[in-house]
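Summary of the model geometry
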Amino acid sequence: MNPLLKLSHVSFSYHEAEGETPALSDISFSLEAGKFLAIVGPSGCGKSTLLSLICGLLVPEEGSISLLGLPLKEARANIGYMLQRDHLFEWRTIYSNVVLGLEIQKKMTPERLKSVDSMLETYGLSEFRGARPSQLSGGMRQRAALIRTLALEPDLLLLDEPFSALDYQTRLSVCDDIYEIIKKEEKTAILVTHDLSEAISVADQILVLTSRPGQIQKEVPIHFSMEKRTPMQTRSAPEFQEYFNLIWKELNTHA
Ligand SMILES: Nc1ncnc2c1ncn2[C@@H]1O[C@H](COP(=O)(O)OP(=O)(O)O)[C@@H](O)[C@H]1O
Ligand SMILES: [Mg+2]
């Protein structure tokens, strides 16, 4: 079977009047459906650029990207993108924010709206349907932003440092929430983060990138022996520290 996502020898540079900025060099990896991939690497190494390439906002200069065996351009798969800031609109209620994507794509079908209702209910936002974003906590806003992304039924979810605007404690619990939602909805996800602990706590697979131009320094499969993991529980598992030490060393080898 084809992996959901496959990158082969992808390179990319930004071209500007002042010159060329090589951002990524020779990136190859694949991701199976239902898996959670985390990407870590120093600031400016090309992590966000990599997500932009995967969702087709940017086009690789070299190499290729395929989804379920088809080149990205021809692929039917839907990609959801969630950013660091939640981009909820203050003049819209939570409900009309959450259905915004469906509205824009003219997909406000009864089934989709029912699924939105059920996610709002399951993830504790039902009673805030009529509220404005500013009335919600940071964690609730992030959940609303995730529901808005999931409403479009993406096959692949791209998360670019989605927790970094939150304070540490909120961040831990929102990370647990978001992880649970992604697993429950059986999504495939890529999380970009500069927080190594966060990466280990959610990932089945971690890519460690070198500093710019980002190259894959190491690919680390992550496995916990516990039966049903949550990000919070993995943090106190014996394997956690071993992974941390291993990847920390990698991150600091070429620093
Ligand atoms: N639109 C752009 N034009 C020119 N250079 C850019 C642009 N976006 C990012 N860069 C540069 O490309 C490199 C990688 O950026 P980015 O992918 O945002 O890194 P990261 O997300 O890992 O911090 C950085 O050096 C950044 O300054
Ligand atoms: Mg970035």
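Residues numbered from 1 in each chain as written. Chains lettered and ligands numbered in written order. Predicted model: local features only at pLDDT ≥ 70, side-chain atom pairs only at ≥ 80, totals over all residues. Heavy atoms only, no water.

1. Let's talk about the nonpolar core
By size, the foremost hydrophobic cluster in this structure holds 35 residues, and its most contacted members are F36 and L159. If you list the elements that add at least two residues to this core, you get α2 (94-98), α4 (110-122), α5 (138-150), β7 (156-160), α6 (168-184) and β8 (188-192). Residues lining this core come from more than one domain, with at least three contributed by each of domain 1 (31-61 + 166-255) and domain 2 (92-154). L5, V10, L156 and I190 belong to the second-largest nonpolar core, a separate cluster that totals 26 residues. (Core = buried A, V, L, I, M, F, W, Y, C linked by side-chain atoms within 4.5 Å. Buried < 20%, exposed > 50% of the residue type's maximum accessible area, 1.4 Å probe, protein only. Helix = DSSP H or I, 4+ residues; strand = E, 2+ residues; numbered from the N terminus. Domains from an automatic or database assignment.)

2. Quick look at the domain arrangement of the protein chain
Partitioning the protein chain into domains gives domain 1 (31-61 + 166-255) and domain 2 (92-154). Taken together, the contact between domain 1 and domain 2 spans nine residues of the former and eleven residues of the latter. Across the domain 1/domain 2 interface, buried area totals approximately 880 Å², and carbon plus sulfur atoms make up 75% of it. For domain 1, the biggest contributors to the area lost against domain 2 are I178, I181 and K187; these three give 49% of the whole. Remark: the boundary between domain 1 and domain 2 carries one salt bridge. A salt bridge links R143 to D177, with the nearest nitrogen and oxygen atoms 3.4 Å apart. Broken down by class, the residue content of the side of domain 1 that touches domain 2 amounts to four nonpolar, one polar and four charged. (Contact = heavy atoms within 4.5 Å. Buried area = accessible area lost by both parts, 1.4 Å probe. Salt bridge = Lys/Arg side-chain N within 4 Å of Asp/Glu carboxyl O. Nonpolar A, V, L, I, M, F, W, Y, C, P; charged D, E, K, R; others polar.)

3. Describing the sheet that holds strand β4 (residues 62-67)
Across the sheet, which stays open at both edges, the four strands sit in the order β2-β1-β4-β5 with antiparallel pairing between neighbours. The open sheet has two free edges, formed respectively by β2 (19-31) and β5 (70-71), since each of these has just one partner strand. Here nine bridges tie strand β1 (residues 5-16) to β2, and the two strands are oriented antiparallel to one another. Its bridge partner lying in β2, H15 is registered against E20. (Pairing = 2+ DSSP bridges.)

4. Overview of the site of ligand 1
Around ligand 1, a shell composed of Y14, E16, S43, G44, C45, G46, K47, S48, T49 and R212 is seen. Residue G44 places a main-chain N or O atom 2.7 Å away from an oxygen atom belonging to ligand 1. Residue R212 places a side-chain N or O atom 3.3 Å away from an oxygen atom belonging to ligand 1. Here ligand 1, which alone exposes 560 Å², has 64% of that area covered by the protein. (Near = heavy atom within 4 Å. Polar contact = N/O pair within 3.5 Å; in protein donor to acceptor, adjacent residues only side chain to side chain. Areas by Shrake-Rupley, 256 points an atom, 1.4 Å probe, with all protein chains shown as cover.)

5. Brief notes about a negative patch on the surface
On the surface, E20, D26, E61 and E62 cluster together to form a negatively charged patch. Tracing the sequence through the fold places E61 in the loop between α1 (47-54) and β4. Residue E61 is classed as partly exposed on the basis of its relative accessible area of 40%. (Patch = residues over 30% accessible without salt bridge, like charges linked within 9 Å, V, L, I, M, F, W, Y side chains within 5 Å. Lys, Arg positive; Asp, Glu negative; His and termini not counted. Charge placed at Lys NZ, Arg CZ, Asp CG, Glu CD.)

6. Side note on the pairing of β8
Of all five residues in β8, five are buried; the element is thus mostly enclosed. For strand β3 (residues 36-40) and β8, the ladder comprises four bridges, and the chain directions are parallel. Within the sheet, the bridge partner assigned to A38 lies in β8 and is L191. At this point the chain moves from β7, through α6, to the parallel β8, and the crossover so formed is right-handed. (Right-handed = clockwise from strand over helix to strand, strands pointing away.)

7. Side note on the sheet that holds strand β6 (residues 79-82)
Spatial ordering of the open sheet is given by β6-β7-β8-β3-β9-β10, a layout of six strands whose pairing is mixed. Edge positions in the sheet fall to β6 and β10 (216-221), since each of these pairs with one other strand and no more. Averaged over all adjacent pairs, the angle separating strand axes in this sheet is 15 degrees, with direction ignored. As paired strands, strand β9 (residues 205-209) and β10 are joined by five bridges and run antiparallel to one another. (Axes fitted to C-alpha atoms, helices over the stretch in contact; angles between N-to-C directions.)

8. Details of the packing of α5 against α6
Contact geometry for α5 and α6: axes closest at 10 Å, N-to-C directions at 25 degrees. On the basis of the axis angle, α5 is roughly parallel to α6. The hand of the α5/α6 crossing is right-handed. The residues of α6 that touch α5, namely those facing G139, Q142, R143, L146 and L150, are T170, V174, D177, I178 and I181. For the contact of α5 with α6, the residue count by class is five nonpolar, three polar and two charged. (Parallel < 35°, antiparallel > 145°, perpendicular 65-115°, else oblique. Left-handed = near helix turned anticlockwise from the far one by under 90°.)

9. A closer look at the pattern of salt bridges
All told, the structure shown has eight salt bridges when counted by the stated rule. R171 is the salt-bridge partner of E198, the closest N and O atoms lying 3.0 Å from each other. Highlighted residues: E198 in helix α7 (residues 196-202) and R171 in helix α6, separated in sequence by 27 residues. For the residue pair E198 and R171, the accessibility class agrees, reading buried in each case. When the shortest N-O distance is used, the salt bridge between K183 and D204 registers 3.9 Å. Linking K183 in helix α6 with D204 in the loop between α7 and β9, this pair joins segments that are 21 residues apart in sequence. For K183, a relative accessible area of 29% translates into the label partly exposed. The partly exposed category is assigned to D204, whose relative accessible area is 22%. In the salt-bridge network here, residues are joined through shared partners; they are R171, D195 and E198.

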